[in-house]
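Fold and geometry: a report
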Amino acid sequence: MFALQFARFVATPAFVISMVLFDPVSSFSAPKCSRNAHPIEIEVELDPGVVKYDIGKSKWELTRMATDPAIAGRDSGTRSGLTRSSYSAPLKIGTRYDGIGGGWKCHRIESVDAKIEVNELVVFVARELRSGTCAYNAVLEHEERHVKIFRDTLNEYLPAYEKALRRGVKDIPPVASKNGENPGDGFLLQITARLKPVLAELSKTLRERQAAIDSPREYRLVHDKCRTW
């Protein structure tokens, strides 16, 4: 049984380096800025997180914890295992500016640090199943398949995520501003918009792959491994 949660990919202050809201009205007649003369530094990494194990909750509690209402309402009280996971895709950008006269500054992206990181990865096995028994091991094996699918899929999509990031950042032009304005938020919003499609595809693939091993057939295979439950 697998309960999958996805962190929304939304720009928040925690993902931003010294961002100030930028008012595009003030730059209505702004001079044009030249493109970056040097490459933008981009770092992308995957943080696989740490798996935690919880064997203190009952089957009834695990059923109530299931985030899918269809699953939570089926065979109430019979959930023997559960895996909860979530990931996020935080971004940090660094900017710099060059003075171009008349109080105007050209702001441009200088660096981007991007992550796909696991926020939560917890395997639950119902406390009614005694550690070391056939039933306990069968449920644990099933839940660890969910963990592997989750991590493998994140790793599989990392190159596509990096490719979308590099392509998106390259297409974002510098912006002229004055009076101390910093268009960093605008840069960040443009980057996140370019990354949303690949993250949406990643989320869809995860749901499909996890659902494939939470089928009645798979549950029967797990159950048939042991004589007693």
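Above this text is the structure in question.
Take the overall build of the protein next. Counting its regular elements, the protein contains five helices and seven strands. Burial analysis of the protein (229 residues in total) assigns 43% to the buried set. In the protein, 82% of the contacts between residues at least 6 apart in sequence involve partners at least 24 apart. Total accessible area on the protein stands at roughly 12,500 Å², and carbon and sulfur atoms take up 53% of it.

Once that is clear, we can look at the nonpolar core. Counting 38 residues, the largest nonpolar core has Val112, Tyr161, Leu165 and Ile191 as its most contacted members. Looking at this core, the elements with two or more residues in it are strand E2 (41-47), strand E5 (91-101), strand E6 (104-125), helix H3 (134-170) and helix H4 (184-212). For this core, the element with the highest residue contribution is H3, accounting for 12 residues. In this structure Leu165 touches Ile42, Val44, Val112, Ala114, Ile191 and Leu195, once residues within four positions along its chain are discounted. By size, the runner-up hydrophobic cluster in this structure holds six residues, among which are Leu82, Val122, Phe124 and Ala126.

The next thing to look at is H3. Residue pairs spaced three or four apart in an α-helix point in one direction, given the helix's 3.6 residues per turn. With 37 residues, H3 should reach 54 Å at 1.5 Å per residue; the first-to-last C-alpha distance of 54 Å fits that figure. By the largest-angle criterion, Leu158 marks the main kink of H3, which is about 35 degrees, and a proline, Pro159, follows within four residues.

Turning next to the pattern of salt bridges. For the structure on display, the rule yields 14 salt bridges. Two residues, Arg209 and Glu156, come together in a salt bridge whose shortest N-O distance is 2.8 Å. Here the residue Arg209 occupies a position in helix H4, and Glu156 occupies one in helix H3, the gap between them amounting to 53 residues. Ionic contacts of the salt-bridge type, sharing partners, join the residues Arg96, Asp98, Arg108 and Glu110 into one network.

What follows covers the side chain of Thr192. Tracing the chain through its elements places Thr192 in helix H4. Residue classification places Thr192 among the buried positions, given a relative accessible area of 7%. A polar contact is formed between the side chain of Thr192 and the backbone oxygen of Leu189, at a distance of 2.9 Å.

When two helices pack together, their arrangement is given by the angle between the helix axes and by the axis-to-axis distance. Look at H3 against H4: their axes get within 9 Å of each other, and the N-to-C directions meet at 160 degrees. In terms of their interaxial angle, H3 and H4 are classed as roughly antiparallel. The handedness of the crossing between H3 and H4 is right-handed. In the contact of H3 with H4, the residues fall into 15 nonpolar, five polar and four charged.

This part is about the environment of Glu144. Take Glu144: it is sitting in helix H3. Residue class for Glu144 comes out partly exposed when judged on its relative accessible area of 35%. Each C-alpha atom, one on Glu144 and one on Leu82, is 9.9 Å from the other, the two residues being 62 residues apart in sequence.

On to the state of the cysteines. Counted under the stated rule, the structure contains two disulfides. One disulfide bridge connects Cys134 with Cys226, the sulfur atoms lying 2.1 Å from each other. The chirality of the disulfide connecting Cys134 with Cys226 is left-handed, given an S-S dihedral of about -85 degrees. A residue pair is termed long-range when its members are at least 10 positions apart, and Cys134 in helix H3 and Cys226 in the segment after helix H5 (216-223) qualify at 92 residues. By relative accessible area, which is 40% here, Cys134 ends up partly exposed. Accessibility expressed as a relative area gives 8% for Cys226, which makes it buried.

Examined against the element boundaries, Cys106 turns out to sit in strand E6. Note on Cys106: relative accessible area 2%, which makes it buried. With 69 residues separating them in the primary sequence, Cys106 and Val175 have C-alpha atoms 5.6 Å apart. Every residue in contact with Cys106, bar those within four places of it in the chain, is listed here: Cys33, Arg96, Tyr97, Asp98, Ile100, Val175 and Ala176.

About the criteria used
- Residues numbered from 1 in each chain as written.
- Predicted model: local features only at pLDDT ≥ 70, side-chain atom pairs only at ≥ 80, totals over all residues.
- Heavy atoms only, no water.
- Helix = DSSP H or I, 4+ residues; strand = E, 2+ residues; numbered from the N terminus.
- Buried < 20%, exposed > 50% of the residue type's maximum accessible area, 1.4 Å probe, protein only.
- Contact = heavy atoms within 4.5 Å.
- Areas by Shrake-Rupley, 256 points an atom, 1.4 Å probe, with all protein chains shown as cover.
- Core = buried A, V, L, I, M, F, W, Y, C linked by side-chain atoms within 4.5 Å.
- Expected span 1.5 Å × (residues − 1).
- Bend = angle between axes of the 7 residues up to and from the residue.
- Salt bridge = Lys/Arg side-chain N within 4 Å of Asp/Glu carboxyl O.
- Polar contact = N/O pair within 3.5 Å; in protein donor to acceptor, adjacent residues only side chain to side chain.
- Axes fitted to C-alpha atoms, helices over the stretch in contact; angles between N-to-C directions.
- Parallel < 35°, antiparallel > 145°, perpendicular 65-115°, else oblique.
- Left-handed = near helix turned anticlockwise from the far one by under 90°.
- Nonpolar A, V, L, I, M, F, W, Y, C, P; charged D, E, K, R; others polar.
- Disulfide = S-S within 2.5 Å.

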